[in-house]
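What the coordinates show
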Amino acid sequence: MDDFEAVELFSQLPFVERLGIEMESAGDGRAVGTLELEEGHSSVPWTTVAHGGVTYSLADTVGGAAVYSLHPKPTPTVDMRIDYLSPGTDRLRAEAEVVRDGGSVAVVSVDVTDGEGGAVADARGVYKTGGGDGETTWTDGGE
């Protein structure tokens, strides 16, 4: 998988654009993305503390890009577990690595850190990579 192709695709996803996630790299089962926190990402009025859903969305997006780099087709999230370790208050960075690539699912480990490199969250995601009858979550029968 061409790193540029995965980065370009994930950078153009409407939800990713709306949140402001910047994809840095995606290839060989690894991906990195960042998010500069803004007031609209906050769960606390009058200050910027990342809402858990924002942190989760960053982890899920970057995890999906890591899987896509190995399986260049739609790879929907089956499950994701996340542990929030500290509040994110500035720039978030997610680094994902596929730790198990099975026949129909892949498991990804994602570390989310802040601008200083401090741990914000750890996540483990499962993504669908195979099976089905040719239809995907993005198209009907490959159209």
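Before reading further, recall that the structure is shown in the block above.
Just so we're clear, the structure is a prediction, and the values are computed from it rather than from any experiment.

A look at unusual backbone geometry
For Asp28, which is not glycine, the phi torsion reads 55 degrees and is therefore positive. Checked against the element boundaries, Asp28 lands in the loop between strand 1 (21-27) and strand 2 (30-36). By relative accessible area, Asp28 is classed as exposed at 71%. The phi dihedral of Trp46 is positive, around 70 degrees, even though this residue is not glycine. Mapped onto the elements, Trp46 comes out in the loop between strand 2 and helix 3 (52-68). Assessed through its relative accessible area of 85%, Trp46 is described here as exposed.

Observations regarding the environment of Ala65
Here Ala65 is to be found in helix 3. C-alpha of Ala65 to C-alpha of Thr75: the two residues are ten residues apart in sequence and 8.9 Å apart in space.

Focus on the environment of Leu13
Here Leu13 lies in the loop between helix 1 (3-11) and helix 2 (14-19). Separated by 48 residues in the primary sequence, Leu13 and Thr61 have C-alpha atoms spaced 9.6 Å apart.

Concerning the sheet that holds strand 4 (residues 91-101)
Here we have six strands laid out as an open sheet, ordered 1-2-4-5-6-3, and antiparallel in their pairing. The open sheet is flanked by strand 1 and strand 3 (77-84), the only strands paired with a single partner. Strand after strand, the sheet turns through a mean of 15 degrees between neighbouring axes, direction not considered. As defined by bridge partners, strand 4 adjoins strand 5 (residues 105-113) across eight bridges and the pair is classed as antiparallel. Paired with Ala94 across the strands is Val112, a residue of strand 5.

Rules behind the numbers
Residues numbered from 1 in each chain as written. Predicted model: local features only at pLDDT ≥ 70, side-chain atom pairs only at ≥ 80, totals over all residues. Heavy atoms only, no water. Helix = DSSP H or I, 4+ residues; strand = E, 2+ residues; numbered from the N terminus. Buried < 20%, exposed > 50% of the residue type's maximum accessible area, 1.4 Å probe, protein only. Pairing = 2+ DSSP bridges. Axes fitted to C-alpha atoms, helices over the stretch in contact; angles between N-to-C directions.

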